[in-house]
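What the coordinates show
Listed below are the residues making up each chain.
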Amino acid sequence: MQQPPNSSRRQFLGLAGGAAVLGALPVVIVRPAEATPAMLASAIQNVTGGATVRTGKVKLDIPPLVENGNTVPMTVSVAHPMAPEDHVRSIHVFNEKNPQPNIANFHLGPHNGRAQVSARIRLADSQKIVAIAKLSDGSFWSASVDVVVTLAACTEEVI
Amino acid sequence: MASAMINVPAKARRGDIIEIKTLMSHIMEPGYRHKASGEVVPRDIITSFTCRFNGNEIFRADLFPAVAANPFITFFTTATESGKFEFEWIGDKGFSETASASISVE
């Protein structure tokens, strides 16, 4: 009489374990580490013209956990001198999952003294934000941050 | 009615790097939202912001629907001489607003 209860317990544990693994799987599939949707890639391509974008110099300050995606404070600064012969020419900010990949372009020059801009943006989903700086020597530098958004912006019903 | 808020220091020393803060009240309707009836609310955003100092452009931004309502933009500039900052916002549906602020540089 020992055998039947034991095997059903084993079956139950096996099933429960399988269900747990299945439940965990979608999380892995939905959030791949380095997925860059085509729209984001082509928007970046439009700015860089295919030039190599190196990581560094750029600092993207944005809260990692956002409660309300309708207004998210963001600051981009570039650790680079702003001299007439060597300066930051522009800063471009992109997103991964809003309806449009562009957020804003900021055009700067040596008279700005400091390559830093702030704005408030909208995020329609948890996603990656990318900031790219173009220097006067034609090189591109970037930084990216993953942001988790609790309340999404842009696409919800109005009135 | 559109209204702007500008924060520029009234005085600065020559060579100081000063921060300029600007806010323009605007709905920034992204054009992706639906009414209850199902029709899309048409886009109505500010597309361009420009700052000029004594007539020369010192800062410009292209804005997209991903910029939050009432665009709040801050940036920096080096104080070189006394003069006037002029700010201009241009957008959909013929939106056009200007504002200005003066600075005295010692």
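Residues numbered from 1 in each chain as written. Chains lettered and ligands numbered in written order. Predicted model: local features only at pLDDT ≥ 70, side-chain atom pairs only at ≥ 80, totals over all residues.

Another point: the overall build of chain A. In terms of regular secondary structure, chain A is built from two helices and nine strands. Counted from the first residue to the last, chain A has its helices and strands arranged as α-α-β-β-β-β-β-β-β-β-β. For chain A, buried positions account for 33% of its 159 residues. (Helix = DSSP H or I, 4+ residues; strand = E, 2+ residues; numbered from the N terminus. Buried ≥ 20, exposed ≤ 12 C-beta atoms within 10 Å, placed from the backbone.)

The next thing to look at is the overall build of chain B. Scanning chain B from N- to C-terminus turns up zero helices and eight strands. Listed by position from the N terminus, the elements making up chain B come as β-β-β-β-β-β-β-β. The C-alpha radius of gyration of chain B comes to 16 Å, more than 25% above the 13 Å expected for a compact globule of 106 residues. If one aligns the C-alpha atoms of chain B with their principal axes, the spans along those axes are about 60 × 20 × 20 Å. Summarising the internal contacts of chain B: among those between residues at least 6 apart in sequence, 57% fall at separations of at least 24. (Rg over C-alpha atoms; globule rule 2.2 N^0.38 Å. Contact = placed C-beta atoms within 7 Å.)

What follows is about helix H2 (residues 38-48) of chain A. Count 3.6 residues to each turn of an α-helix, and residues three or four apart come out pointing the same way. All names here are of chain A. All buried positions along H2 are accounted for by Leu40, Ala43 and Ile44. End-on, the buried residues of H2 take up no more than an arc of 95 degrees, which puts them together on one face. Along H2, exposed side chains directed more than 90 degrees from the buried face belong to Ala38, Ser42 and Asn46. Tucked into the core, H2 has its buried residues touching strand E5 (88-95), strand E6 (102-107) and strand E8 (127-135). Following H2 by one or two positions, Gly49 adopts a phi angle in the positive range, close to 65 degrees. (Arc of directions from axis to C-beta.)

What follows is about the interface of chain A and chain B. Frequently, the measure chosen for interface size is the accessible area that the parts lose on association. Contact residues are listed per partner, giving 31 residues for chain A and 27 residues for chain B. Breaking the side of chain A that touches chain B down by element, the ones donating at least two residues are E6 and strand E7 (116-121) of chain A. Residues belonging to the side of chain A that touches chain B are distributed by class as follows: eleven nonpolar, 15 polar and five charged. Pairing of E6(A) with strand E5 (residues 56-63) of chain B involves four bridges; the strand directions are antiparallel. Considered in E5(B), the bridge of A:Ala104 is made with B:Leu63. (Nonpolar A, V, L, I, M, F, W, Y, C, P; charged D, E, K, R; others polar. Pairing = 2+ DSSP bridges.)

A word on the environment of B:Gly94. Topologically, B:Gly94 is positioned in the loop between strand E7 (83-91) and strand E8 (96-105). Residues B:Gly94 and B:Ile46 lie 48 residues apart in sequence; the distance between their C-alpha atoms is 9.7 Å.

So, on to unusual backbone geometry. A negative phi holds for most residues other than glycine; trans holds for most peptide bonds. All names here are of chain B. Notably, Asn54 is not glycine yet its phi reads approximately 50 degrees, a positive angle. Assessed through the 12 C-beta atoms surrounding it within 10 Å, Asn54 is described here as exposed. The backbone phi angle of Lys93 is positive, close to 55 degrees, even though this residue is not glycine. Inspection of the secondary structure assignment puts Lys93 in the loop between E7 and E8.

Turning our attention to the confidence of the model for chain B. Per-residue pLDDT for chain B has a mean of 94; in total, 98% of the residues score no lower than 70. Across the interfaces of the predicted complex, the ipTM metric reaches 0.94, alongside a pTM of 0.83. (pLDDT = per-residue confidence, 0-100.)

Judged by nonpolar contacts, the single largest core of 57 residues is most densely connected at A:Ile91, A:Ala104, A:Ile121 and B:Val67. Looking at which element gives the most residues to this core, the answer is E8(A), with five residues. The contact partners of A:Ile91, leaving out residues within four places of it in the chain, are A:Val76, A:Val78, A:Phe106, A:Leu108, A:Val117, A:Ala131 and A:Ala133. (Core = buried A, V, L, I, M, F, W, Y, C linked by C-beta atoms within 7 Å.)

As a further point, take the sheet that holds E7(A). Ordered by their spatial adjacency, six strands build an open sheet running E2(A)-E4(A)-E7(A)-E6(B)-E3(B)-E1(B), and the pairing between neighbours is antiparallel. The open sheet has two edge strands with one neighbour each: strand E2 (58-61) of chain A together with strand E1 (4-7) of chain B. Between one strand and the next, the sheet's axes are offset by a mean angle of 15 degrees, whatever the strand orientation. In this structure, E7(A) lies alongside strand E6 (residues 72-78) of chain B, joined through two bridges in antiparallel fashion. (Axes fitted to C-alpha atoms, helices over the stretch in contact; angles between N-to-C directions.)

Residue and element names in this part refer to chain A. Looking at the element boundaries, Pro110 is found in the loop between E6 and E7. Look at Pro110 and you get partly exposed, because 17 C-beta atoms sit within 10 Å. When the C-alpha atoms of Pro110 and Val145 are compared, they prove to be 27 Å apart, with 35 residues separating the residues in sequence.

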